[in-house]
Amino acid sequence: MITVVLGLAGALVYGFADFLGGLASRRVRPVTVAALGAAIGIVPLLVGLVLLGGAFTWTGSLWGAVAGLSGGVGVLLLYAALAIGPMSVLSPLTAVFAAVVPVLVAVVRGTVLSPVAVVALVVAVVAVVLVAAVRDTSGARITARGVVAAGVAGCGFGGIVLAYDMTPPGAGIAPLVVARVLQAVLLGAAAVVVAVRAAHVRAASVRPGSVRPGSVRPGSVRPGGAGDPAASAGVPGSAVPPVRWWRSRLLVVVIACGVFDALANVFIQAALHSSDDPVTLPVVSVLNALYPIGTVVLAGVVLRERLTPPQWTGIGLALAASVALALA
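The present account deals with the structure reproduced in this document. All of these numbers come straight from a predicted model, not from anything done at the bench.

The rules behind each value
- Residues numbered from 1 in each chain as written.
- Predicted model: local features only at pLDDT ≥ 70, side-chain atom pairs only at ≥ 80, totals over all residues.
- Heavy atoms only, no water.
- Axes fitted to C-alpha atoms, helices over the stretch in contact; angles between N-to-C directions.
- Helix = DSSP H or I, 4+ residues; strand = E, 2+ residues; numbered from the N terminus.
- Parallel < 35°, antiparallel > 145°, perpendicular 65-115°, else oblique.
- Left-handed = near helix turned anticlockwise from the far one by under 90°.
- Contact = heavy atoms within 4.5 Å.
- Nonpolar A, V, L, I, M, F, W, Y, C, P; charged D, E, K, R; others polar.
- Patch = residues over 30% accessible without salt bridge, like charges linked within 9 Å, V, L, I, M, F, W, Y side chains within 5 Å.
- Areas by Shrake-Rupley, 256 points an atom, 1.4 Å probe, with all protein chains shown as cover.
- Salt bridge = Lys/Arg side-chain N within 4 Å of Asp/Glu carboxyl O.
- Core = buried A, V, L, I, M, F, W, Y, C linked by side-chain atoms within 4.5 Å.
- Buried < 20%, exposed > 50% of the residue type's maximum accessible area, 1.4 Å probe, protein only.
- Expected span 1.5 Å × (residues − 1).
- Arc of directions from axis to C-beta.
- 1 Å grid on protein atoms, 1.4 Å probe; cavity = no way out; pocket = protein on both sides within 12 Å on 5 of 7 lines; lining within 4 Å.
- Points joined across faces, edges and corners; volume = space filled by probe spheres on them.
- Phe/Tyr/Trp six-rings, centres within 6.5 Å; stacked < 30°, edge-to-face > 60°.

## Examining the packing of helix 1 (residues 2-24) against helix 11 (residues 280-288)
When two helices pack together, their arrangement is given by the angle between their axes and by how far apart the axes lie.
Thought 1: Interaxial distance between helix 1 and helix 11 falls to 8 Å at its minimum, and their mutual angle equals 30 degrees. When the interaxial angle is binned, helix 1 and helix 11 end up roughly parallel. Crossing hand, helix 1 versus helix 11: right-handed. Here Thr3, Val4, Gly7, Leu8, Ala11 and Tyr14 of helix 1 come into contact with helix 11, specifically with Thr280, Val283, Val284, Leu287 and Asn288.
Thought 2: The residue inventory of the contact of helix 1 with helix 11, partitioned by class, reads 7 nonpolar, 4 polar and no charged.

Right, here's the structure in full:
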């Protein structure tokens, strides 16, 4: 029972972090928000390390580094996938891979699932797909590249759960600190690369003679669109950050995003080490993939966004699967 409670708590808090990250990404590049959130998340983990204790062992640090690398790569590939394909398809696909990969690893290791647990896990995966389904009006097409990127991103997120499962119970929060530091470095480097590249693109766009007569087809650059950097600067949702980046409200949102994300990792690791039952890993991995519930619920409360019938169905199935897993 405690495993299910901790797993669901981790998923909900992950969802809250994603919602806040999405809000901040309307003003700042998503990769920048992710990097700052990862860096901010180091602080509460260090506080938790002092209060709750932990030990930096070679084994724990190694698996913490694996978790950080896996999570950082997962985030970057998810951004890449959503940039080239429809979110309505690739986002649920990522969540499914994140849920299924640890389950398969557990089964390969020899974990035997009861019939009730198998049905509950399948229902939970279906719930993940329904809850993660979002409207997509971009008109983007599904490509093999986008599908592969989304699948590997999901494997990266599943790798976080697998790595935390391998950390020694006595290590406490120490492996999470290692993971968060490595993830912050990786995402920070990616954010710098993106910023430098964008600066070069803007410089080239205003350089005299950089656009040859006849080189731009009529209608190929929409006024205010992504191809018009000057017009898109400061526009919400634009790829170009606004001039006034860090208003107090935006700063609070980014800080809360980083704290919630760090707290979710604590819940997930605690759930993985809450029981010696081999079925703990597949149960926690599938519950962890239910993080879109936290996102859509908070979007409904804060932004007054209405949940679609499939999302309501997914939430109902998720609750039913969680009860079944708790009783299995």
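## A few points about a nonpolar patch on the surface
Thought 1: A cluster of nonpolar residues, Val43, Val47, Val50, Leu51 and Leu52, forms a patch on the protein surface that exposes about 560 Å² of accessible area.
Thought 2: Mapped onto the secondary structure, Leu52 falls in helix 3 (residues 42-52).

## Here's the deal with the environment of Gly68
Thought 1: By the element assignment, Gly68 lies in helix 4 (residues 58-84).
Thought 2: On a C-alpha basis, the gap between Gly68 and Gly159 in space is 9.4 Å, while along the polypeptide they are 91 residues apart.
Thought 3: If we skip the residues at most four places from it in the chain, Gly68 touches Ala179, Leu182 and Gln183.

## Some remarks on the nonpolar core
Thought 1: In this structure, Tyr164, Leu272, Val286, Leu290 and Leu325 are the most contacted members of the largest nonpolar core, which totals 67 residues.
Thought 2: Discounting chain neighbours no more than four positions away, the residues touching Leu290 are Leu8, Ala11, Ala124, Ala127, Val128 and Ala318.
Thought 3: Formed by 11 residues, the second largest nonpolar core is a distinct cluster that contains Val33, Leu250, Val253 and Cys257.

## A word on helix 6 (residues 115-132)
Note on helix geometry: an α-helix contains 3.6 residues per turn, so any two residues three or four positions apart are oriented the same way.
Thought 1: Along its 18 residues, helix 6 runs 26 Å from first to last C-alpha, staying within 8% of the 26 Å computed at 1.5 Å per residue.
Thought 2: Among all positions in helix 6, only Ala117, Ala120, Leu121, Ala124, Val125, Ala127, Val128, Val131 and Ala132 are buried. Along helix 6, the residues classed as buried sweep out an arc of 160 degrees about the axis, all on the same side. Among the exposed residues of helix 6, those oriented more than 90 degrees off its buried face are Pro115 and Val119.

## Re empty space enclosed by the protein
Thought 1: The final tally for this structure, using the stated rule, is 1 cavity of 30 Å³ or more.
Thought 2: Quantified by volume, the largest cavity comes out at close to 50 Å³.
Thought 3: Taken together, Leu45, Ala67, Ile160, Tyr164, Leu176, Ala179, Arg180, Gln183 and Asn265 make up the full set of residues lining the largest cavity.
Thought 4: Secondary-structure elements contributing two or more residues to the lining of the largest cavity are helix 7 (144-166) and helix 8 (174-206).
Thought 5: By residue number, the principal contributor to the lining of the largest cavity is helix 8, which donates 4 residues.
Thought 6: Across the lining of the largest cavity, the residue classes break down as 6 nonpolar, 2 polar and 1 charged.

## Quick word on the packing of aromatic side chains
Thought 1: Counting across every chain of the model gives 1 aromatic pair.
Thought 2: Residues Phe16 and Phe260 carry aromatic rings whose centres are separated by 6.0 Å and whose planes lie at 70 degrees to one another, so their mutual orientation is edge-to-face. With Phe16 in helix 1 and Phe260 in helix 10 (residues 248-272), the pair connects residues that are 244 residues apart, well separated along the chain.
Thought 3: Residue Phe260 is classed as partly exposed on the basis of its relative accessible area of 29%.

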